[in-house]
Amino acid sequence: MTETLEVELTGMAYGGEAFGRDDDGRMVFVPFALPGERVRVRLHDERKRWARGYPDAILQLSPQRITARCKHFSVCGGCHYQHLAYEDQLRYKKEIVIDQLQRIGGFQEPPVEDMIGSPSAWNYRNHMRFQRSESGQLGFYDHTGDEVFVVDECHLPEQDLDSLWPEIDVEALETVQQVGLRSGQQDPPMVLLHASGKPEIESLVELPVSMVWNSDAGIFVLAGDDHLLFEISQREFRVSAGSFFQVNTAMATELVVQVMDLLDPIDGEHILDLYAGVGLFSRFLAEKEVVLLGMEESPAACADYLVNLEGFEQVELWATTVEQGLAGVQLQPDAIILDPPRAGISNQAFDEIIRLAPDRIVYVSCDPATLARDGKKLNTAGYQVQTITPFDMFPQTYHIETASLWVAS
């Protein structure tokens, strides 16, 4: 029989769960609950020092609790904070960044600025990915990550995607596992069918969209174009179907502004842009007439980078992993910008960065835990953190983006 217990919740953890201690002092983590609430918890994962469970009943409500907008909240695994007003979400996220840096990184008083909030807390995503349910309808993973449920509403996609996804029907397309939707600013939206084998169809909806079939057999353009165009601070970026781009277009602009302020490039400096993607940061750096070397391993992103940086002669792109690319760099750069995946900086890449000994490093992170881990290593290697600015790229979720400046001491 599953154990249940009552817990007074006292804080918010990274990952979207509230936490408190049981009568034995064990930490208990509970999703969809809030600090200040007393809950009856049904445990599903018990360890000696901690446990996780789902709230069976909220016995005492937090005054911060509000009514979630979406009927799928507490079932869906996509949102974690719909029961909090947006200003409270921002406050908790800043506290979480500080906590991660203190506990994991060992920084006593990390210089964390206030969160930069999203202009819109809803309908901000330019990229959505739906799973195919057993019935062939579009769905999301539930909060356990084990099952797909059919979705009836979602309040995160941009308006043109919000009107598009209910029109998508893949019931007859058994090899389609996922459906991605992307929205640029100058083009019709794009439908990406993640499937196996060659395309089974010529078109899917009678709407003005681009359609791309992405499978182990290759990428096939069924309609329209294989890319979208985004505008960031009056600069145009091509983003292909297989390339990563920030899902919150408005916040991407805010991030670029902050990164450029932190880096403060000077004409003629040598700068490395690692994990360069389609060239979001490189495009603005190139205008400063620095000598720029970008590194990116994704072939699609590299192709976009070359288009987006066309005309800048002092820019070079290496289509390689960061680890392999850094090993071939002999010139000491003045600065390095890092925008790694969620796993952070690998040990090999870190060793090469320290070998190159740049004067300053701007680290863009999508995970405060790996930022804290890597920040501790940077600090040990002689770099002092000057400032850390968190960005709310993903309202209603626990995800947090940060941009930080590290200077050689």
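One can find the structure itself at the top, above this paragraph.
Counting restarts for each chain, with residues numbered from 1 along the sequence as it is written. Local features in this predicted model are restricted to residues whose pLDDT is 70 or higher, and side-chain atom pairs enter the listing and the counts only when it is 80 or higher, whereas totals over whole chains, interfaces and linings include all residues. Excluding hydrogens and water, the side-chain values take into account all heavy atoms of the structure.

Peer 1: Quick one: what's the story with the sheet that holds strand β3 (residues 27–31), residue by residue and with numbers?
Peer 2: Ordered by their spatial adjacency, five strands build a closed barrel running β1-β2-β3-β5-β4, and the pairing between neighbours is mixed. Between one strand axis and the next, the sheet turns through 50 degrees on average, direction left out of account. Of the pairings in the sheet, the one linking strand β1 (residues 4–12) to strand β2 (residues 17–21) comprises four bridges and is antiparallel in character. Looking at β2, one finds that Glu8 is bridged to Arg21. Strands are treated as partners if at least two bridges between them are detected by DSSP. A run of H or I in DSSP counts as a helix once it spans at least four residues, and a run of E counts as a strand once it spans at least two, with each numbered from the N terminus. Comment: axis = line fitted to C-alpha atoms, over the contacting stretch for helices; angle = value between 0 and 180 degrees taken between N-to-C directions.

Peer 1: Any details on the pattern of salt bridges? Residues and values, ideally.
Peer 2: Salt-bridge detection follows one rule: a side-chain nitrogen of Lys or Arg within 4 Å of a carboxyl oxygen of Asp or Glu. Taken as a whole and assessed by the stated rule, the structure comprises 20 salt bridges. One salt bridge connects Asp88 with Arg91, and the closest N-O pair in it is separated by 3.8 Å. In this pair, Asp88 and Arg91 are both assigned in helix α1 (residues 86–103), three residues apart and thus about one turn of the helix distant. Note that Arg235 and Glu287 form a salt bridge whose closest N and O atoms lie 2.6 Å from each other. Taken as a pair, Arg235 in strand β14 (residues 235–240) and Glu287 in the loop between α4 (280–286) and β16 (291–296) lie far apart in primary sequence, 52 residues in all. Relative accessibility thresholds used throughout: buried, under 20% of the residue-type maximum; exposed, over 50%; partly exposed, between the two (1.4 Å probe, protein chains only). Judged by its relative accessible area of 22%, Arg235 falls in the partly exposed class. Through salt bridges with shared partners, one network takes in Glu6, Glu8 and Arg38.

Peer 1: Could you give an account of α1, with specific residues and numbers?
Peer 2: Here α1 is 18 residues long and its end C-alpha atoms lie 26 Å apart, about the 26 Å a rise of 1.5 Å per residue gives. Within α1, burial applies to Tyr86, Asp88, Gln89, Leu90, Tyr92, Lys93, Ile96, Val97, Gln100 and Leu101. A helix's residues, less one, multiplied by 1.5 Å, set its expected span.

Peer 1: Go over the nonpolar core with me, naming the residues and quoting the values.
Peer 2: One finds Val179, Val191, Leu193, Leu274, Leu326, Leu338 and Trp406 to be the most contacted residues of the largest nonpolar core, which totals 126 residues. Top element by residues in this core is helix α3 (residues 249–263). It accounts for eight residues. Contacts were defined at the residue level, with two residues in contact if any of their heavy atoms lie within 4.5 Å. Beyond its immediate sequence surroundings of up to four residues, Val179 is in contact with Met128, Arg129, Phe130, Leu138, Ile168, Val170, Val191, Leu192 and Leu193. Residues belong to a common nonpolar core when they are buried Ala, Val, Leu, Ile, Met, Phe, Trp, Tyr or Cys residues joined through side-chain atoms within 4.5 Å.

Peer 1: So what about the sheet that holds strand β9 (residues 176–182)? Which residues, and what values?
Peer 2: Across the sheet, which stays open at both edges, the seven strands sit in the order β8-β7-β6-β9-β10-β11-β12 with mixed pairing between neighbours. Each having just a single partner strand, β8 (148–150) and β12 (218–223) make up the two edges of the open sheet. Each strand axis lies, on average, 35 degrees off the axis of its neighbour in the sheet, ignoring direction. Sheet analysis places β9 next to strand β10 (residues 190–195), joined by six bridges and oriented antiparallel. Each residue of the ladder has a partner; that of Val176, found in β10, is Ala195.

Peer 1: Outline the packing of aromatic side chains, supporting the account with residue identities and numerical values.
Peer 2: We call Phe, Tyr and Trp rings a pair once their centres come within 6.5 Å, taking the six-membered ring for Trp, and we label the pair stacked below 30 degrees between planes, edge-to-face above 60, and tilted otherwise. Under the criterion given, the structure shown has nine aromatic pairs. Through a chain of ring-to-ring contacts, the aromatic side chains of Phe230, Phe237, Phe245 and Phe284 assemble into a single cluster. The criterion is that NZ of a Lys, or CZ of an Arg, lies within 6 Å of the ring centre and within 35 degrees of the ring normal, and then a charge sits over that ring. The ring of Phe350 has Lys377 sitting right over it, with the charged end atom 4.5 Å from the ring centre.

Peer 1: Before we move on, could you go through the state of the cysteines and cite the residues and values that matter?
Peer 2: By definition, a disulfide links the sulfur atoms of two cysteines through a covalent bond. By convention in this document, the label disulfide applies to cysteine sulfur atom pairs within 2.5 Å. Tallied over the full model, the rule gives zero disulfides. Cysteine Cys302 is unpaired, with the sulfur of Cys366 as its nearest cysteine sulfur at 19 Å. Of all cysteine sulfurs in the structure, the one in Cys79 sits closest to Cys366, which takes part in no disulfide; the separation is 18 Å.

Peer 1: So what about the side chain of Ser282? Which residues, and what values?
Peer 2: Looking at where Ser282 falls in the secondary structure, it is placed in helix α4. For Ser282, a relative accessible area of 0% translates into the label buried. Setting aside anything within four residues of it in sequence, one finds Ser282 in contact with Asp273, Leu292, Tyr305 and Leu309.

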